[in-house]
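# Structural description and commentary
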Amino acid sequence: MNPVAMEGPVCLVGNGADGQLEVNPAALEILRGVAQPVVVVAIVGLYRTGKSYLMNSLAGKQRGFSLGSTVQSHTKGIWMWCLPHPRRAGHTLVLLDTEGLGDVEKGDTKNDVWIFALAVLLSSTLVYNSKGTIDQFAMEQLHFVAELTEHIKVKAQGGDDAEEDTEFVRFFPSFVWAVRDFTLELRIEGQLVTEDQYLEHALALRKGNSKKVMDYNLPRQCIRNFFPTRKCFVFVQPASRQEMGQLDSLPTSALDPQFLEQTRRFCDYVFQCSNVKTVKGGIPVNGRRFGALVQSYVSTIRSGQVPCLDNAVTAMAAIENEAALREALAHYAAGMGGLRLPAELGELSAAHGTCEGDALRLFMQRSFKDEEQGFQKQLVAGITERYANVLAENEAVSEQTCRVLLEELSAAMQQKLSAGIYSQPGGYQAYDRDQNQVVENYRARPNKGVKAEEALQQFLASKKAEAEAVLKADNLLTEAEKHVAEEKQKAEMLEQQWKTAEEKQLQTEQLLKDQERSHQENVKQLEAKVAEELASARQEAERALQSKLKEQEAMMQKGFAEKARLMEDEISGLRREISSASRTESQSGLLGTIREGLRAVANVSSYLTSRHQRRKGTSNPSKTPTPK
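Residues numbered from 1 in each chain as written. Predicted model: local features only at pLDDT ≥ 70, side-chain atom pairs only at ≥ 80, totals over all residues. Heavy atoms only, no water.

### Description of the confidence of the model for the chain
- A residue-level look at the chain finds 86% of positions with pLDDT of 70 or above and a mean pLDDT of 85.
- Every residue in residues 68-74 is under pLDDT 50, and counting partners more than four places away or in other chains gives 17 contacts.
- Low confidence marks residues 619-628, where pLDDT is under 50. Its contacts with residues over four positions away, or in another chain, come to 15 contacts. (pLDDT = per-residue confidence, 0-100. Contact = heavy atoms within 4.5 Å.)

In structure tokens, the structure reads:
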């Protein structure tokens, strides 16, 4: 699918007439068209700090997100702009510009809290935009970070705060602090430092247990605990104070070259280092899934509850898996619907195997967190049901085709019979010769389908009384010759019954082979899917571990030995999780677990096969008559 390229941003989340947050249906419709993985970059910060300019720069446009030129906040709610990712083919860049925090006109600060929380929940990179320097005032404005534990939960079953902190670092975005209109020299104690060193110095904790020290440390500790990676960029003022209100109309030549270079470095970093948005378990998010996440979080906020990552992922998985099921079944039906009937069972079986494998791959690509393979079982049951219907239709078409063909081939015999030709002396010999010719011509015709032998048996059985009457009326034959002819008729009929039974037996064996092949294909694809999800979860835990180890080392270096010691439980827990995931990935028992999980599917498939056999009247197909 081609990437979505919007001409400009649209509102994703706004305030309804009741003042509560609501999702824009038009934005959701756009996201449903984005099948590619999304890299989501959100920007937050105080109102009138120039957030929108940076987002327009990421979009490669001078205009897009509203910049405004007054002290009023222009951006309301959360606005979205989807663009082809400039550095990653097959990915979509989703830019989220948020309503400025601290707008005195709003009065209600609760809206700020939820806008900030949504920006954190939805993004893979969070840009915090501020002006001046990273000082205590700037830190105090980040009180939203300290309040995140009150407004975001990871697990549906609540744990303690330490557990939540560990979980946050696994699922929270990368953090970029953009300091605008920076006028200081990057020096600490007389030494030149990098922007990142400047940020880490600003996030350094103070020792002590007084309320003043704890208040000072709180936002810093939260940033250190919650965000896996941190980056800082400083920007000089781009133009004179008089020109700042017209940034979106000023030519590039009118902007400070240093500012342009800083903006270029910022964009390069975001393009290069921002990851695909993932949810718990390391599951990548595309546009459809992203839209489901937005709906889930906003609905939870509207209900007065706290957004929960577990619940949101569960809701998103249900929507995606249901859609994956429909898409896979439609693909199978379309593939099988293109077959020309009647067809031989081998042809149907080959088409079924191809279409089923393709449908399974489609399902696996779109589905995730399919607990106990519930949706996959529905898929296999649905495919088996549809295959049974195709087989039944094929049999009906084959039966009709064979009946019409036999009527056509035997039409001349019926005319001779009506004309009394077979009633003359020697008529039975002519009748038997003509009937053998009908059978020979019938067998020579191709494309009769799976009912060829059974239809012939029924035809010959329908002619039995007719043949006996012709034989009885033939005065040219002696009684002994008539007895030989009767025995020959019986032998031919028995042989045809055997061929019919053999035809059914071969078909039943093919159905059993189809069933086993289906089971093996499901096991193979599920094994690959489970291994992929386990690897993603392990990598997610490894990233969290590296972040915690880095933070622990920093605490030790700064003399916070007790804080470093307290992190040991979190670190040990992550190591155990990684070790367990690695063992599970390598254990041969994983395949056994998968096979057990799909046992119900095999039972459903067996039931449908048995039902098809009963419909054909072959409940015990292994017993076939033996020709005498």
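That covers the picture; the talk isn't over yet.
### Description of empty space enclosed by the protein
- As enumerated under the stated definition, the model contains four cavities of 30 Å³ or more in all.
- Around the second largest cavity sit Val 120, Leu 121, Phe 171, Phe 172, Lys 277, Thr 278, Val 279, Lys 280, Tyr 297, Leu 309 and Val 313, which together line it.
- Among the elements of the structure, helix H3 (110-122), strand S11 (278-279) and helix H12 (309-337) are those that each provide at least two residues to the lining of the second largest cavity.
- Residue composition of the lining of the second largest cavity, by class: eight nonpolar, one polar and two charged. (1 Å grid on protein atoms, 1.4 Å probe; cavity = no way out; pocket = protein on both sides within 12 Å on 5 of 7 lines; lining within 4 Å. Points joined across faces, edges and corners; volume = space filled by probe spheres on them. Helix = DSSP H or I, 4+ residues; strand = E, 2+ residues; numbered from the N terminus. Nonpolar A, V, L, I, M, F, W, Y, C, P; charged D, E, K, R; others polar.)

### Let's talk about the sheet that holds strand S2 (residues 21-23)
- Taken in spatial order, the eight strands of this open sheet run S2-S1-S4-S5-S3-S6-S7-S10, and their pairing is mixed. Since the sheet does not close on itself, it has two edges, and those belong to S2 and strand S10 (230-234), each with one partner. In this sheet, adjacent strand axes meet at a mean angle of 20° when their direction is disregarded.
- In the sheet, strand S1 (residues 10-15) pairs with S2 via three bridges, with the strands oriented antiparallel. (Pairing = 2+ DSSP bridges. Axes fitted to C-alpha atoms, helices over the stretch in contact; angles between N-to-C directions.)

### Concerning unusual backbone geometry
- Following Leu 341, the chain continues to Pro 342 via a peptide bond in cis, the omega torsion being 5°.
- Counting through the fold element by element, Pro 342 comes out in the loop between H12 and helix H13 (345-366).
- A positive phi angle, near 50°, is found at Glu 189, a position not held by glycine.
- Position of Glu 189 among the secondary structure elements: in the loop between strand S8 (187-188) and strand S9 (191-192).

### Focus: the pairing of strand S6 (residues 125-131)
- Here S6 lies mainly inside the structure; six of its seven residues are buried.
- Summarising the sheet, strand S3 (residues 38-45) and S6 pair through five bridges and their orientation is parallel. Paired with Val 44 across the two strands is Tyr 128, which belongs to S6.
- Here S6 pairs with strand S7 (residues 174-180) via seven bridges, running parallel. Pairing of Asn 129 across the sheet is with Ala 178, part of S7. (Buried < 20%, exposed > 50% of the residue type's maximum accessible area, 1.4 Å probe, protein only.)

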